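Tertiary structure, described
The chain contents come next:
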Protein chains: 4
Amino acid sequence: MPKTRNWQWYIEKQSEHEAHMHAITRTIYSGNTKFQNIGIVESPVHGKMLILDGDTQSAQADEFIYHESLVHPALILHSHPKNILILGGGEGATLREILAHKTVEKVVMIDIDKDVIELSKKYLPEWSEGAFDNPKVKTIYMDARKYLEETKDIYDVIISDLTEPLPDGPSHKLFTREFFKIVKNHLTPDGIFALQASKADYHYLKLHAIIYKTVKSVFKTTYSFAARVPAFDTMWGFIISSDRGDLMQVTKEEIDSRISKRVERILKYYDGTTHQHLFSLPRYHREKLDEETEILADARPLVAIETGTIF
Amino acid sequence: MPKTRNWQWYIEKQSEHEAHMHAITRTIYSGNTKFQNIGIVESPVHGKMLILDGDTQSAQADEFIYHESLVHPALILHSHPKNILILGGGEGATLREILAHKTVEKVVMIDIDKDVIELSKKYLPEWSEGAFDNPKVKTIYMDARKYLEETKDIYDVIISDLTEPLPDGPSHKLFTREFFKIVKNHLTPDGIFALQASKADYHYLKLHAIIYKTVKSVFKTTYSFAARVPAFDTMWGFIISSDRGDLMQVTKEEIDSRISKRVERILKYYDGTTHQHLFSLPRYHREKLDEETEILADARPLVAIETGTIF
Amino acid sequence: MPKTRNWQWYIEKQSEHEAHMHAITRTIYSGNTKFQNIGIVESPVHGKMLILDGDTQSAQADEFIYHESLVHPALILHSHPKNILILGGGEGATLREILAHKTVEKVVMIDIDKDVIELSKKYLPEWSEGAFDNPKVKTIYMDARKYLEETKDIYDVIISDLTEPLPDGPSHKLFTREFFKIVKNHLTPDGIFALQASKADYHYLKLHAIIYKTVKSVFKTTYSFAARVPAFDTMWGFIISSDRGDLMQVTKEEIDSRISKRVERILKYYDGTTHQHLFSLPRYHREKLDEETEILADARPLVAIETGTIF
Amino acid sequence: MPKTRNWQWYIEKQSEHEAHMHAITRTIYSGNTKFQNIGIVESPVHGKMLILDGDTQSAQADEFIYHESLVHPALILHSHPKNILILGGGEGATLREILAHKTVEKVVMIDIDKDVIELSKKYLPEWSEGAFDNPKVKTIYMDARKYLEETKDIYDVIISDLTEPLPDGPSHKLFTREFFKIVKNHLTPDGIFALQASKADYHYLKLHAIIYKTVKSVFKTTYSFAARVPAFDTMWGFIISSDRGDLMQVTKEEIDSRISKRVERILKYYDGTTHQHLFSLPRYHREKLDEETEILADARPLVAIETGTIF
């Protein structure tokens, strides 16, 4: 019997001074696409993990927390979401959660990196569960901003599931005020925009707060929320936004009722009580959002706060 | 100017397969007490950190999250807390939070390890802010169980702020059904018991769930809740319990009102909205509590789940 | 251009209290054979690395130091080596070095783990440089001890290039006094036996000294020597042995002369001066060899000294 | 009994891609002097370790290897060393080794950082063994270059035991051609200069080779040598130099004889055989020295090659 000691480690840096060590039992894939470095590894705790440019994108054991948080509040708060647009979302799990809603008729997914989608289909089929083959789905490989600048299509819900806006990464022009205005122009009047919006942990709330303030400068109603995703080793931030004024005026009982009517399967994270958890933010989180004054613009795009050396 | 590179690290193990790396800029103290290994170090992210037997106990930057979560729900949900007992709580921050309540007349603190208290007073004065010198406070150095078995004193609120029940540590007999019955016998009829109750993260909920079920087997009303404490690199679990049936029947507005009337200073974590956040648990958390069937007893005390080697 | 940060690490444990961290840019292969866990990774410093059960076996950049040390002293000190036996040596580099000697007519290689050889041929062709296809070579997949117990073949030089004798690994019965007697029975009267013999660093000389004393109890002449192999993060020990009394009576000029006559290509590590370096051991090394009294026997085989947990 | 897990680590970076992890059981001192960051820690393997700016300077268990290599070849190759100068050498172990020579009448030690000497006396008395109190010794706290530029004193042996010439560290002007000329001007005609000269490992020989070529450009005779110092996790390079032509023309028997006549106690590392080991360099080491063409000058001082980030 081979005796496997822990010798392979994935070390994810949080900042210059902190990192998380994950023992890995197997490297399933490691290489470079045209846009990013990609790793698919297996951890005894988190199962398969997808890593882009050194950052965990999602992990088998807890990706449901991330993807349910990103998708369901947006779709449940909408009265009847039919046409959905995903920006990014390469693994296909955002797609999977959207397709669980019976109201959905069409999903367009725009991802710049075809390799990530192909590798996810091949090595991470548990994420997409065949979603890419659903006839309601159309996948387009291009820059999300370019797509929105060219298309005339209008959506009920737009979900942004893009990578962190690292200076060298492919996403840094997709978190600016100008871009969010373009997004808004492709929503119906009661449309909803939801986005993953970086870490939202006590020591790392600034980036999230900046994105929040940028989105808020474009839409009438904007909420921040955060979920604990263990594989990310932090709280993860999201934003939901709309031009409707009554977006959050729904009871937890109504949320449970909408889920049971509209969603085809049992959710593991999101329900009425979890909704109340997510949207009742701890005091320091609310205060840091209030204090933030920066806004991202094309002329001043988001660059990573966490630079520098850890040793 | 000396150039300091990151060469000192505090590596906290979560399990056989995971660890968190903290760069440390200074070791303020490291040694052994009669009961445990103690380290006081400084991190550029977390400030001063108190480490017992390799586990973070609290950190300067975010101990307010832990201590406000442990103390304020218990005292605010009580109508008029006067006499308080702390089990453990060596750093003095639990004491500090209790003393912020104007209703409090007497606090007794029982800690087995005098060295931890003395070292905390000397090196971590920001934690206790002079609380040990408050005339309302009486500190007794002895085993918490022995104290409760011998005393006839009765308290409005009892707060357990003990170390993890490691097999070799000093706390493993303080998390059993028998012990919780002894605790109950020293509460007034409407008294409240709150305790720190181990990690409560998705992958590490079992210990918390077992403690929850054990407390629940003794009291009429028992709630689990969890706060994100970044220095612990996880969600941290707490339990609040009482023989009152109406413990949680209070609105968030009423909580804010009680805080403003009874608490002498501004809180940074806890308020009505945070209360709603804490007590609206994510779905998987509720389900794992429901599924747990183990109960701890003197004949079957809690032992650490995380054993084994990481390399 | 993808931006690759160091996120994959190979951490090799030296003892309970020490480890070496290697950033890896690519995992070429990771899996289990019937006998051991195998990893093939790429380091920016060491090039491709072969890892068995968590221990570095050889690395592209410096395997020449290890393999030249293991092979050339033995063949050069022999007057005319024709028939050679290798025990282990899966990567094929020991074979490569042997085949560089013009005197060699036949090499038999016995390795229990066919998968290691096949994976080395596929992923590490720089090691063997086609040596496995040389018509002088015969490869047999079986336990080395079983082979020697059954064969009547006699060799000029026998080279043992086996993995560390870990309790659970496939090699622990191949480092005993009884086994070395079997080896001796398959050598010609002036035959030479050379073996890799574990770490030989100041803090980790015991295992090497024990193997040395065990071999010495079987042969008339036995020498220990050690080479610095950076990828192993230590000094690596070797032993050379014979029943000849004059084994080492050769000048460095004679060694250079034999190399230039007999070896087909330029060596990068071994020559007359290096020979003098290798066989002039530092004082503490000589003393620790002298002090060692243990002998390995079938009834008391070698088990790893470095056990236990590092965190 | 307190249960101590390995939670404190000293991680020494070798390059952007490699690091060595040392568990530490105790931090004895950590702070900043006027010139450098200093740590004194205890490792279960290496005993007490002195760390300046993140680099190991010496460790209790194996400092004898480093200090015997630095001092004894220089003093033994001299016919009758009386007056000795040490540049740097704060811990006092270089001094200790020099004082073991009966011929020595005077030792002057120049160190810029009085704090390192005071802390070493207090926390590392095993290094100096009272050497600072020896009446033959004079300690001067000043920049070594300034001292040599001002003094008219002449020495039999000058030993440079300075820290690595990091750009921000205090030693970068003490490794240039101009400086070595100043050193030479303070030697007697048959005087000897020995210096610690950075890592000399296969992947990290460049800095050593540059220093070697710089010294060689100033003196008639220059030798490189290297010793394995486990606490440094590498081979450590030294240089010995003189204007004598016959410096190395001494047999190993003569070395042993001089040691027994002149040195008051038993050495643990250095003797005639070790001398032969040290000065018979592996082939690649000799070749890399030969290939090096750079020379350090005041206008082009040595800067650290190992810069950059490891994560």
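Residues numbered from 1 in each chain as written. Chains lettered and ligands numbered in written order. Predicted model: local features only at pLDDT ≥ 70, side-chain atom pairs only at ≥ 80, totals over all residues. Heavy atoms only, no water.

With an RMSD of 0.0 Å, the operation that places chain C on chain D is a rotation of 180 degrees combined with a shift of 0.0 Å along the axis. Here the transformation between the copies is reduced to the relation of a two-fold axis. An overlap of 100% is found between the interface residues of chain C and their copies at the interface of chain D, pointing to a shared contact surface. (Least-squares fit on C-alpha atoms with pLDDT ≥ 70 in both. Contact = heavy atoms within 4.5 Å.)

We now examine the pattern of salt bridges. Residue and element names in this part refer to chain A. Considering all chains together, one arrives at 72 salt bridges over all chains under this definition. Residue E287 pairs with R283 through a salt bridge whose shortest N-O separation is 3.0 Å. Of this pair, E287 and R283 are both found in helix 10 (residues 283-291), four residues apart, which corresponds to roughly one turn of the helix. A relative accessible area of 32% means that E287 is categorised as partly exposed. If you follow the salt bridges from partner to partner, you end up with E63, R96, E97 and R265 in one network. (Salt bridge = Lys/Arg side-chain N within 4 Å of Asp/Glu carboxyl O. Helix = DSSP H or I, 4+ residues; strand = E, 2+ residues; numbered from the N terminus. Buried < 20%, exposed > 50% of the residue type's maximum accessible area, 1.4 Å probe, protein only.)

Residues and elements named next belong to chain A. By secondary structure assignment, the location of K184 is in helix 6 (residues 177-184). In this structure, the C-alpha to C-alpha distance between K184 and S242, residues 58 residues apart in sequence, is 8.4 Å. In this structure, K184 is in contact with V218, F219 and D243, ignoring residues within four places of it in sequence.

On to the side chain of C:T27. Tracing the backbone through its elements, the reader meets C:T27 in strand 3 (residues 26-32). One polar contact links C:T27 to C:Q8, side chain to side chain, over a distance of 3.0 Å. Once residues within four sequence positions are removed from consideration, C:T27 is found in contact with A:Q8, A:T27, A:S30, C:Q8, C:I40 and C:V41. (Polar contact = N/O pair within 3.5 Å; in protein donor to acceptor, adjacent residues only side chain to side chain.)

On to the interface of chain C and chain D, then. With 48 residues of chain C in contact, the opposing surface of chain D contributes 48 residues. Summing both sides of the interface, chain C and chain D together bury roughly 4,200 Å²; the carbon and sulfur share of this comes to 57%. Here chain C and chain D share four salt bridges between them. Counting the contacts that link chain C with chain D gives 34 residue pairs in polar contact (both at pLDDT 80 or more). (Buried area = accessible area lost by both parts, 1.4 Å probe.)

Attention shifts here to the sheet that holds strand 6 (residues 55-59) of chain C. Residue and element names in this part refer to chain C. As summarised here, the arrangement of the four strands in space is 3-4-5-6, forming an open sheet in which the pairing is antiparallel. Each edge of the open sheet is held by one strand with a lone partner, namely strand 3 and strand 6. Across the sheet, the mean angle separating the axes of adjacent strands is 20 degrees when strand polarity is ignored. Bridge count for strand 5 (residues 47-52) against strand 6 is four bridges, and the pairing is antiparallel. Bridging across to strand 6, M49 finds its partner in A59. Sitting on the sheet, helix 3 (residues 114-123) touches strand 3, strand 4 (37-43) and strand 5, and the angle it makes with strand 4 is about 20 degrees. (Pairing = 2+ DSSP bridges. Axes fitted to C-alpha atoms, helices over the stretch in contact; angles between N-to-C directions.)

All names here are of chain D. Pairing in this open sheet of four strands is antiparallel, and the strands run 3-4-5-6 from one edge to the other. The open sheet has two edge strands with one neighbour each: strand 3 (26-32) and strand 6 (55-59). Here the strands of the sheet are splayed against their neighbours by 20 degrees on average, with no regard to which way each runs. For strand 3 and strand 4 (residues 37-43), the ladder comprises six bridges, and the chain directions are antiparallel. What sits directly across from S30, in strand 4, is G39. The strands touched by helix 3 (residues 114-123) within the sheet are strand 3, strand 4 and strand 5 (47-52), with strand 4 carrying the most contacts at an inclination of about 20 degrees.

A word on helix 8 (residues 252-262) of chain B. Residues and elements named next belong to chain B. Those residues of helix 8 lying buried are I255, R258, I259 and R262. All buried residues of helix 8 lie within an arc of 100 degrees about the axis, which places them on one face of the element. Away from the buried face of helix 8 by more than 90 degrees, exposed residues E253, S260 and K261 are located. Against helix 1 (63-77) and helix 9 (272-279) lie the buried residues of helix 8. (Arc of directions from axis to C-beta.)

Next up on the list: the environment of D:A61. Relative to the assigned elements, D:A61 resides in the loop between strand 6 and helix 1 (63-77). Sequence separation between D:A61 and D:A231 is 170 residues, and the spatial gap between their C-alpha atoms is 8.3 Å. Setting aside residues no more than four positions away along its own chain, D:A61 makes contact with C:Y202, C:H203, D:V45 and D:H46.

Before going further, it helps to spend a moment on the pairing of strand 7 (residues 83-88) of chain B. Residues and elements named next belong to chain B. The buried fraction of strand 7 amounts to five of the six residues, a majority that puts the element mostly inside the structure. As a crossover connection, the stretch from strand 7 through helix 2 (residues 93-99) into strand 8 (residues 106-110) is right-handed. Strand direction decides the pairing type here: strand 7 and strand 10 (residues 155-161), joined by five bridges, are parallel. When the bridges of strand 10 are listed, L85 appears paired with I158. (Right-handed = clockwise from strand over helix to strand, strands pointing away.)

So, on to helix 1 (residues 63-77) of chain A. Residues and elements named next belong to chain A. Along its 15 residues, helix 1 runs 22 Å from first to last C-alpha, staying within 8% of the 21 Å computed at 1.5 Å per residue. The largest bend along helix 1 reaches roughly 30 degrees and is located at S69, with the proline P73 sitting one to four residues downstream. Of all 15 residues in helix 1, 15 are buried, a share of seventy percent or more. (Expected span 1.5 Å × (residues − 1). Bend = angle between axes of the 7 residues up to and from the residue.)

In this section: the side chain of C:K48. For C:K48, the location among the structural elements is in strand 5. Those residues within four positions of C:K48 in sequence are excluded, and the remaining contacts are C:I28, C:V41, C:E42, C:S58, C:A59, C:Q60, C:Y123, C:L124, C:P125, C:E126 and C:W127.

With that settled, the discussion passes to the packing of helix 1 of chain D against helix 8 (residues 252-262) of chain D. Describing two packed helices takes the angle between their axes plus the distance from one axis to the other. Residue and element names in this part refer to chain D. Axis separation between helix 1 and helix 8 bottoms out at 10 Å; the angle between their running directions is 95 degrees. Relative to helix 8, the element helix 1 lies roughly perpendicular. Listed contacts from helix 8 to L75, I76 and L77 of helix 1 are I255, R258, I259 and R262. Here the contact of helix 1 with helix 8 is built from residues that sort into five nonpolar, no polar and two charged. (Parallel < 35°, antiparallel > 145°, perpendicular 65-115°, else oblique. Nonpolar A, V, L, I, M, F, W, Y, C, P; charged D, E, K, R; others polar.)

So, on to unusual backbone geometry. Glycine aside, residues mostly have negative phi angles, and peptide bonds mostly take the trans form. Its identity as a non-glycine residue notwithstanding, C:D233 has a phi of 60 degrees, on the positive side. Examined against the element boundaries, C:D233 turns out to sit in the loop between strand 12 (221-229) and strand 13 (234-242). Judged by relative accessible area, C:D233 falls into the buried class, the value being 3%. Phi at D:D53 is positive, roughly 50 degrees, even though this residue is not glycine. Checked against the element boundaries, D:D53 lands in the loop between strand 5 and strand 6.

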